[in-house]
Amino acid sequence: MPKDGGIGASSKRREDVRFLTGAGNYTDDINMHGQAYVHFLRSDIAHGTITNIDTSAAASMPGVVRIFTGSDFEGVGGMPCGWQVTDKHGQPMQEPAHPILAQGKVRHVGEPIAAVVADSLAEARDAAEAIVVDINELPAVVDMKAALQDGATKVHDDLDNNLCYDWGFVEENKDAVNKAFEDAAHVTSLELVNNRLVANPMEPRVAVGDYARGTDESTLYTTSQNPHVIRLLMGAFVLGIPEHKLRVVAPDVGGGFGTKIFHYQEEAFCTFAAKACNRPVKWTSSRTEAFISDAHGRDHVTKIELALDADNNFTAIRTETHANMGAYLSTFAPSVPTWLHGTLMAGNYKTPLIYVNVKAVFTNTVPVDAYRGAGRPEATFQLERVVDKAARELGVDPIALRRQNFITEFPYATPVAVEYDTGDYHGTMDKLEEMGDFAGFAARRAESEKNGKLRGLGVNCYIEACGIAPSNLVGQLGARAGLYESATVRVNATGGLVVMTGSHSHGQGHETSFAQVVAEMIGIDENMVEIVHGDTANTPMGMGTYGSRSIAVGGSAMVRATEKIINKAKKIASHLLEASEADIELKDGAFSVAGTDKSVAWGDVTLAAYVPHNYPLEDIEPGLEETAFYDPSNFTYPSGAYACEVEVDPDTGKVTIERFAAADDFGNIINPMIVTGQVHGGLAQGIGQALLENCAYDENGQLLSASYMDYAMPRADDLPMFDVDHSSQTPCTHNPLGVKGCGEAGAIGSPPAVVNAVVDALQSAGKDVTHIDMPLSPDRVWAAMNG
Amino acid sequence: MYNFEFEKPGSVADAVAALGADDAQALGGGQTLIPTLKQRLAMPTKLVSLKGIAEMQGVCTGDDGAICIGGATSHATVAAEAGAYPALAATAAHIGDPAVRNRGTIGGSLANNDPSACYPAAALGSGATIVTNTREIAADDYFQGMFTTALDEGEIITEVRFPVPEKANYQKFVQPASRFALVGVYVAKYADGVRVAITGASNDGVFRWTEAEAALSSNFSPDAVDGLSLSGDDMISDLHGTGDYRAHLCGVMTKRAVAAAA
Ligand SMILES: Cc1cc2nc3c(=O)[nH]c(=O)nc-3n(C[C@H](O)[C@H](O)[C@H](O)COP(=O)(O)OP(=O)(O)OC[C@H]3O[C@@H](n4cnc5c(N)ncnc54)[C@H](O)[C@@H]3O)c2cc1C
């Protein structure tokens, strides 16, 4: 029986009422008295030396408050990078300066050169057009492999070359891995591209800076997934504002997908300029600006090899990846192709030896950083593609080959540094086989062929590491931050609760699902619990939401804080009931004495806490408010198996997705409806990557797909009805809720299923096609068929 | 957007007068022009909306049986009311999305002559007549290359007349991002022959595929196109397809249009 409240209930998303009725409060809805507007003059050249900036004509134009250029930021910190990767020789990565406004050089189309603050946006734009910028154009560095050749033009003159780092993982295993390849009975290799993507959240980025001269306090309203991280980075590393004088508010945020994790120049600029101009300063990104200034995602070029023994057991994996960093290091960019990618290379398989090499490269393109899945989709895609290719080369069933190599015993320590706590890969595959009706595939293929179409079936597995992460571990790996989460639970006198969480909801529905957990723990109605997030002034220091970490880490902090509340409330109840604390039980919102009919209601206890007339003041303080910080002891490891069925039109190359089934194991589930929605969204983005989305630059560093006219987003009619199941549940063993996280799974697991299916369709028609690079747009599929 | 004056005249004559001002520009549905203005890529001093001119609105049938569409008629109205020419109504019904169809106009589309737009193929494929405030222009003379037409400065498309064919069909293979035509083929069979007009493909904008017309005029069946091909050399080559791919699609879509023609 489905529950109608608490953990496991599909409670309707309470936040949707305001989102769907126009009552949300997004950053662009915030307007301050006396506010000025900033327009950024951005480079339309990918690479060049700035020889002159003349703002004199612009400065005297109507409405102009002040014009800023790079020289106004001398002595101000640059944009910090939050993760330092150490290369295979033990040396730190090359880390270039990242200015707020260009200093002497421009390094990608979209880099801000000057900023005009004016009374109105139109006046700011008018004045920006009157600024004269002379740029001596240099050859653009676009192709990663060319960028690493001797004598290549350097993106950063003060670095040795365009190589950010050359990472080997696990370096000590390299010789053993090479040996395993020499001894292999079969080796399958595959070269592929993981296409560059633009996240495109529905709400573009916005920043409003405000400065209170009376108290010397700065406030930044911003579209962020993690306001405390922005406060720390911007306050400590960029502007030198102590955290007690800096407040960062991320109110309703219309989607993030990773690209709103990072600290951006526009945020620092608006905060800085508000003080410099003594006026609030607002910036709202246009969609065009979003394409050339939001951090992009993916962009890996990889060669992967899989070694198998004579019995088709995987014996080793070796990969070589070039990862595009873009022109500068975005906040967490270095971690994505390394610790979020190499550590997942074992996938669901007990391959004993793995070696991952990653060369991170600077190019004259927009910085690349985490995008839904971040590193894990890249790992899953190459692994699941090469396993599929191996099955075809060996003439064995791709599902059987996978099953044969599944990890079945847990905990399992992979050769790439992580330990999976739980999982049941046969379980999700069994479920998938049931959902996918594979037995009926031959008939469906015959039907498609009758209509002149080719039909293909693609299957894959995935594993991801979520709930990032143990702080001491990530510290060793180069993170310049801790990755705990926090919650303060404040109980009001009349029994209602406010939970102030360091997690941040930008579409995920935390206000609903977090409330379900607390309500369940106390046994009260969900509507008595309010979730507050997004404001550093009223939430404890938290690390924010990304990496499917909110319920696993933020939820755990909330559970710990609620446990403290319950423990204290029991003390109060034992006093009121004149019973021993050990005998007090909490059930359905009432405290009772075990084995008696004596009880006291939740509201009586909370009232006593704040009106402590009859109260054990000598033992405990009045009030009922507790804070907990939770630092996980391991990642969580959601896993699953996906199946995609496609039709390919052989005349045009057009691919349509006919069926898609996803069997996931997310551990315990708080709100099944919300989880299903997260999977749907992830699948849409993964299928978008596989079939449609392509962020492309020309050889001059001009972005070819800089608007929706050329960048294809997935739309509802590109997608089938999804068949989603998350009944396979192996609870996480190390967090109190047994949860694993579900936010990224769909985007991680779906691209290989789509490509495997298209390859299957083409091979069914006798085409010698073993791989097509994403997106599998009609022209590419047609070219592959007729190549 | 830069500042501009705005006028909404009630007659063609008033519109022509308003357009006499320096750098004045006609505004149809604004589905092309407004985004251009927002990007600050154009700087008209005055916009003259044609949407308030009653004589430029609606669909009717002329004495010769041709469908006559007012120059400021929206795509949605054509989709709903041009039932006497089903292929034309269906073409209009697949332009853009509902918002675009409710705002965008046939005059705006033909005046703009985007190389990937649908109406140019319908007009050229039907041998339509473009009626302006000063003259009548045959479709064959009207389209003069990408974004280029026979219109003079300030000339207004007041009406478009489509002779109704025996059979016709438009096959649009969409560009995945914009959903304009990557290649769109309009085939119309008239008593005196078949016309085939192709949009989306050529560097010279919409064009007639005369070889296919000849073959289909003698045998109106998909097989008639077998063996015919266009060169990809002068075709658009971009992120979404090479010239050769587009040339190939011209053949595929022509056959499909013939097969579907009703
Ligand atoms: C999201 C989107 C999707 C679209 N998809 C498609 C598609 O699939 N297929 C397709 O064909 N089109 C598509 N379009 C374009 C759409 O059909 C536009 O309506 C059309 O291109 C322009 O018509 P308009 O009335 O909006 O003209 P406007 O934008 O108002 O004007 C365009 C130009 O024509 C001039 N003009 C306007 N009316 C007249 C007139 N009567 N006489 C002389 N000059 C005039 C204007 O001065 C201007 O130069 C799409 C547009 C959008 C925004």
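None of these values were measured; they are calculated from a predicted model.

Visitor: Give me the lowdown on the overall build of chain A, citing residues and values where you can.
Guide: Summing up its helical and strand segments, chain A has 19 helices and 28 strands in all. Its C-alpha atoms give chain A a radius of gyration of 27 Å, near enough to 28 Å, the size a compact globule of 787 residues would have. Overall size of chain A, expressed as C-alpha extent along the three principal axes, is 85 × 75 × 50 Å. Counting over 787 residues, chain A shows a buried share of 63%. Excluding contacts between residues fewer than 6 apart, the proportion of contacts in chain A whose partners are at least 24 apart in sequence is 80%. A total of about 27200 Å² of accessible surface is found on chain A, and carbon and sulfur atoms cover 49% of it. Within chain A, the 103 negative side-chain charges are centred at a point lying 1 Å from the centre of the 60 positive side-chain charges.

Visitor: Before we move on, can you summarise the overall build of chain B with the specific residues and values?
Guide: Broken down by element type, chain B carries 10 helices and 12 strands. Over its C-alpha atoms chain B spans a radius of gyration of 18 Å, differing by no more than 12% from the 18 Å that the globule rule assigns to 262 residues. For chain B, the spread of C-alpha atoms along the three principal axes comes to 55 × 45 × 30 Å. By the burial criterion, 54% of the 262 residues in chain B qualify as buried.

Visitor: Kindly report on the domain arrangement of chain A, identifying the contributing residues and their values.
Guide: Residues and elements named next belong to chain A. Each domain of chain A was delimited in the assignment, giving domain 1 (10–31 + 205–284), domain 2 (35–138), domain 3 (300–409 + 418–469 + 634–786) and domain 4 (484–630). Between the C-alpha centres of domain 1 and domain 3 the distance comes to 34 Å. Tallying the contact residues gives 11 residues for domain 1 and 12 residues for domain 3. Of the roughly 910 Å² buried between domain 1 and domain 3, counting both surfaces, carbon and sulfur atoms make up 65%. Three residues, Ser10, Phe257 and Phe262, lead the burial of domain 1 against domain 3; their summed loss comes to 58% of the area buried on that side. Joining domain 1 to domain 3, the criterion identifies 0 salt bridges. There are 4 residue pairs in polar contact (both at pLDDT 80 or more) connecting domain 1 and domain 3. Split by residue class, the side of domain 1 that touches domain 3 holds 4 nonpolar, 5 polar and 2 charged.

The rules we used
Residues numbered from 1 in each chain as written. Chains lettered and ligands numbered in written order. Predicted model: local features only at pLDDT ≥ 70, side-chain atom pairs only at ≥ 80, totals over all residues. Heavy atoms only, no water. Helix = DSSP H or I, 4+ residues; strand = E, 2+ residues; numbered from the N terminus. Rg over C-alpha atoms; globule rule 2.2 N^0.38 Å. Buried < 20%, exposed > 50% of the residue type's maximum accessible area, 1.4 Å probe, protein only. Contact = heavy atoms within 4.5 Å. Areas by Shrake-Rupley, 256 points an atom, 1.4 Å probe, with all protein chains shown as cover. Lys, Arg positive; Asp, Glu negative; His and termini not counted. Charge placed at Lys NZ, Arg CZ, Asp CG, Glu CD. Domains from an automatic or database assignment. Buried area = accessible area lost by both parts, 1.4 Å probe. Salt bridge = Lys/Arg side-chain N within 4 Å of Asp/Glu carboxyl O. Polar contact = N/O pair within 3.5 Å; in protein donor to acceptor, adjacent residues only side chain to side chain. Nonpolar A, V, L, I, M, F, W, Y, C, P; charged D, E, K, R; others polar.

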